[in-house]
Each structure stands twice: as structure tokens, then as C-alpha cells.
Amino acid sequence: MADRRSQGIAGRIPASLTDRGIAPEAIQDPAVPSRAAAGTPDTAPLVRVRCRDESDVLAAITACAGLGVPISVLGGGYSPGALGEAAGTVCLDLAGLDRIEVDPEARTVTVGGGVTAGALDRALDGTGFALNLPVPSRIGVAGAALSGGVGVLLRRLGFIGDRIVAARLVDGTGTVRQVDERRDPELLRALRGGGGNFGAVTELTLAPAPIRDFHVVQLAFAADHAAEGLSLVLDLAAGAGDDLTAVAFVRALPPLPGLDPALVGGAGVLALLVHAGEAGVAERDLGPATLHPRAAAVVAGRLTPLQLRERLEPAFPFERFGAHFRSGFADRLGDGDIEAFVDAAAPLPGPHSAFEIVPLGGAVRRGEGCAPGRDAAFMINVMGLWVEPEEAAATREWAAGLDRVLAAVRRDEARVPGFVSRDEAGSGNAGLGDAAYAAGDGPALPILRELKNRHDPHRLFTTALTFTTDQEHA
Ligand SMILES: Cc1cc2nc3c(=O)[nH]c(=O)nc-3n(C[C@H](O)[C@H](O)[C@H](O)COP(=O)(O)OP(=O)(O)OC[C@H]3O[C@@H](n4cnc5c(N)ncnc54)[C@H](O)[C@@H]3O)c2cc1C
């Protein structure tokens, strides 16, 4: 809840914003729910500004710097920590920055700071180019890329942020920066995974790869063969090249062709195998999986990125949800670990929660940026999700149980930045960012701190997974 000081400031904000040229109708009542994840009254900002373009972003940041009011930046509104809007902040809603420009000659695509993954896949459809994008369509491309980001081309293209080749950033000093390899290579690498720590990104230019379609295999395993399903994904990924991205979920099984209807909705393992290589290589890498004797259903086909998105989208039917996530990286998972994860995950707390193991490697290892976990073997995500508030307590308990199993295999304190929950992130928990980025391979933490001091000297941007400044660290 806003305290008395922030209520006093709140009264002055609209005048300060309109003085700087922001239209009064762009200044929104914070009590009106936004599209933000887990949007609850305690995330309501002081005001929300619907930015129409970069000049609105610049005007708002300059006004906030003058008043000393912290800022949150709302992209897709899909972070489990609802980091895009926070109590006590002026929230800059970037949904209006929705321009997408594909340049086939330069092999780049430039997106506004509020463009979503679904909109970008639709724009790329038929161009012959693809990017590694998150599965839920509502996720902001900038929000995902700035946090690292994973998608169905992970091992072929690396973390989503690794494909950033340029950005326009309005930083905390109220300066518009054009960031690219020539002008500011250090800040470019920091944006590839360093989160919204340095300002608001109004535009991102990404490098898609020439990929028209994928070979896709989905396998479902009933609960009593869940461990075999998880092991299959781990073994396949270990034996295949970079063209194969494999992900395994313990979750409620969706309806799939050939799946016994009695298993639909019950806990099981869903394995998703996406191969971006030649037909012959795909057949060699995927063939054995399609013959797995314990699989309850196998669906194989060739799909464009947009067709795959449409197939997976029903897993995320909600716009607003509550979330309690836990995440980390692991180097080794033995049979005992897999069994322990299955035992803790299979009693699902509701229809939306899922436990996910993502084998890394491939292009992830070679990318340049500061997203942590690059050289780990696995990313593990415990995704506690609910739509009905009465499911919240059981979901938190479920996630806590899995977190105890995760603690036994988790590498140091690093979390997956995009999967950080409300109780783990924010200005009160900056040390979490320190732990995460100290473990990364990109610019070292002292460089990130120096960039933070340079670009956000008033600490306006503090709601992301952030790190302590040099002064705080000392
Ligand atoms: C159910 C679920 C499934 C998910 N699946 C995936 C997945 O498949 N792959 C994946 O990579 N991630 C996934 N995520 C995580 C998600 O991508 C990250 O949390 C991401 O940061 C969300 O970005 P957003 O813009 O949608 O959210 P927001 O809450 O709007 O923003 C998240 C953070 O990014 C910052 N930010 C957003 N846009 C900008 C900008 N233009 N400039 C500066 N800062 C900005 C915000 O300030 C905030 O700190 C999933 C999350 C959920 C809840």
C-alpha cells in the first residue's frame, strides 16, 4: 500500500507529467486493473502512464527523476513477480510501443518495447525467419530478452537476449541511448540478460535465423511413467546436436490425438521436442523417441513457429493470474533426483501449475550476455500458477516442496531472472540479483554495478531483479 509520503507525491505526479507534454488521458487510474500478472491491490502503482511513443517515455522518466519517484516498466505484464508494475512507483505501460519492422536484407527485426511474443511470431510468419520466443503469446519480447529468455529454439539460437543486436534505451538520467556493438558494447551485453536495470527499452533490434519450420514431437506419459518421460528428454538432449531443443513438463496432460481421455487433465509428463535441422538429421535425432514403449501418446509433425505457438497456447488461457515460482540451474541430475522431483511435482495443486526441466547447452553456452546459468546443464522451473485465489495456499506449499528438492541440486544461489517471484525480487532483495549475476558469464558484477550507477544514478529502476550498487555493496 502507498504510504503517506508516496500519497503526497502521487498528487503532484499528474501535474508534473502533463507539464512535460503527456496527454491527461494517458495518465491512468492505478486502481483500474491492468493486464499485469498477479495484479492485486498491493501491486497498484501510484499512477500508470500509457506511453504512446518514446517521447512519452522520456517525458515520464524526466518527471520521475525530478520528483524522485521510482519507476516500473510494464511490457507484456507476464512476469511471475508482477515486476512490470509495483506499489509506490510510476508505472510506464509500454503496450502502445507496438511497432514491428522486419528487414529481410539486414536479417533483423526491430520491435517496440511493448511488442508481445505472439505478435512477433505473427509478423515473422511467412518471412522464412524465426526467433527463439517464449511460449505464452502475451509475454513481452523485451521483458523476456532483457531477462535472458528461453523458447523453442533455445539450443539453436541461445537465450532470447543473445539475439539483441541493438536497443534504444531511455536511461535513468533521462537520456536516450542508441546501444549497439559499435557505440556501447558493454551496455549491449548488459542488456542481454541484465533485466530492466538501466532504464526503459523503447526499441529492440534482434537477429532472427533463416528457419521456416520445425520437426516437432510431443510425447505424453502417464503419472506412473513420469520419471521415464523426464529421463527420455534428458537423454535425447545429451545425445543430439544444437538443432534439438527439448523440454519436459510435469503438468496436467492436455487432450492430444491418441491419448486416452481418462488421462486428460491428470498429472503426467509432457515432452516437447523441437528440431530445427534437416529432415534426415531430425529423423535420426527424434526417431527413437517416437517409438518409446511407455509413451501414452506421440504426436509428430512439421510445423511453422506460428503453428507450434497455436498448438501450445491453450496451456496459458489466462490473462491475469497469481504466481509463486521457484527456479535454478543444475549441472547433474541423477535417477534419484528425477524420482524426487516427480514425487513432489505429481500431486499438482491445480490445473495450471507445472514443473519444467530444460536441458541447456548448444548455442546457450556460446552466447554473449550476462544471463546467468549459461554453462549449466539444466534450467529448472517450478511454476506455481493459479487463477482462483483459493488455490493460492496449496500452490505455494507445492512450490515450497519442490524448492526443497531443487535446493539439493541447485547451483549456488542463482535464479532464472525471468522466473523470479514477488517474494524473491524487488528493491528489498537486491542481493538475489547479486547472487544471480555473480554466477553469470557476461560482464562481471562490478561492471554491471558500474553501468547501473552510470545509467540509473537515482535508483529509479529498482523493481526488477537487481543488484546492489557499489555504495550498497561497500
Ligand atoms: C506462465 C508463464 C510462462 C512463462 N514462460 C516463459 C517462456 O516460455 N520463456 C521465457 O523466456 N519466459 C517465460 N516466462 C517468464 C517471462 O518471460 C518473464 O517473466 C518476462 O520478464 C516477462 O516479461 P513481460 O514484459 O511479459 O512482463 P512484465 O511484468 O511487464 O516485465 C517483466 C520485467 O521486465 C521489465 N521490462 C519489460 N519490458 C521492458 C522494457 N521495454 N524496458 C525495460 N524493462 C522492461 C519490467 O520492468 C519487469 O522488470 C513465463 C512466465 C509465466 C508467468
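Residues numbered from 1 in each chain as written. Predicted model: local features only at pLDDT ≥ 70, side-chain atom pairs only at ≥ 80, totals over all residues.

(A) Representation of the sheet that holds strand E6 (residues 108–112) in the model. Ordered by their spatial adjacency, 5 strands build an open sheet running E5-E6-E9-E7-E8, and the pairing between neighbours is antiparallel. Strand pairing shows two members of the sheet lacking a second neighbour, strand E5 (100–103) and strand E8 (176–180), which therefore form its edges. Direction aside, neighbouring strands of the sheet carry axes that sit 15° apart on average. Pairing between strand E7 (residues 164–171) and E8: 5 bridges, direction antiparallel. Paired with Arg168 across the bridge in E8 is Gln178. Lying on the sheet, helix H2 (residues 54–67) is in contact with E7, E8 and strand E9 (199–206); it crosses E7 at an angle near 45°. Here helix H3 (residues 117–124) sits on the sheet in contact with E5 and E6, set at roughly 35° to E5. (Pairing = 2+ DSSP bridges. Helix = DSSP H or I, 4+ residues; strand = E, 2+ residues; numbered from the N terminus. Axes fitted to C-alpha atoms, helices over the stretch in contact; angles between N-to-C directions. Contact = placed C-beta atoms within 7 Å.)

(B) Looking closely at the packing of H3 against helix H9 (residues 305–312). Taken N-terminus to C-terminus, the directions of H3 and H9 make an angle of 145°; their axes are 9 Å apart at the nearest point. Residue-level contacts link Gly118, Asp121, Arg122 and Leu124 of H3 to Pro305, Leu306 and Arg309 of H9. Looking at the contact of H3 with H9 residue by residue, the class counts come to 3 nonpolar, 1 polar and 3 charged. (Nonpolar A, V, L, I, M, F, W, Y, C, P; charged D, E, K, R; others polar.)

(C) Quick peek at the sheet that holds strand E12 (residues 267–275). The 7 strands are arranged E13-E10-E12-E11-E15-E16-E14 in an open sheet whose pairing can be described as antiparallel. Single-partner strands in this sheet number two, and they are strand E13 (297–303) and strand E14 (322–330). Neighbour-to-neighbour, the strand axes of this sheet turn through a mean angle of 15°, independent of strand direction. Strands strand E10 (214–222), strand E11 (244–252), E12 and strand E15 (354–359) of the sheet are contacted by helix H7 (residues 226–239), whose axis makes an angle of about 165° with E11. Most of the contacts of helix H8 (residues 279–290) go to E10, to which it runs at about 15°, and overall it touches E10, E11, E12 and E13.

(D) The arrangement of the domain arrangement of the protein in detail. One can read the domain layout of the protein as domain 1 (4–93) and domain 2 (214–419). Placing the centre of domain 1 and that of domain 2 at their C-alpha centroids yields a distance of 35 Å. (Domains from an automatic or database assignment.)

(E) Summary view of the environment of Glu368. The topology assignment puts Glu368 in the loop between helix H11 (363–366) and strand E16 (378–386). A tally of 16 C-beta atoms within 10 Å means that Glu368 is categorised as partly exposed. Sequence separation between Glu368 and Val165 is 203 residues; the distance between their C-alpha atoms is 11 Å. (Buried ≥ 20, exposed ≤ 12 C-beta atoms within 10 Å, placed from the backbone.)

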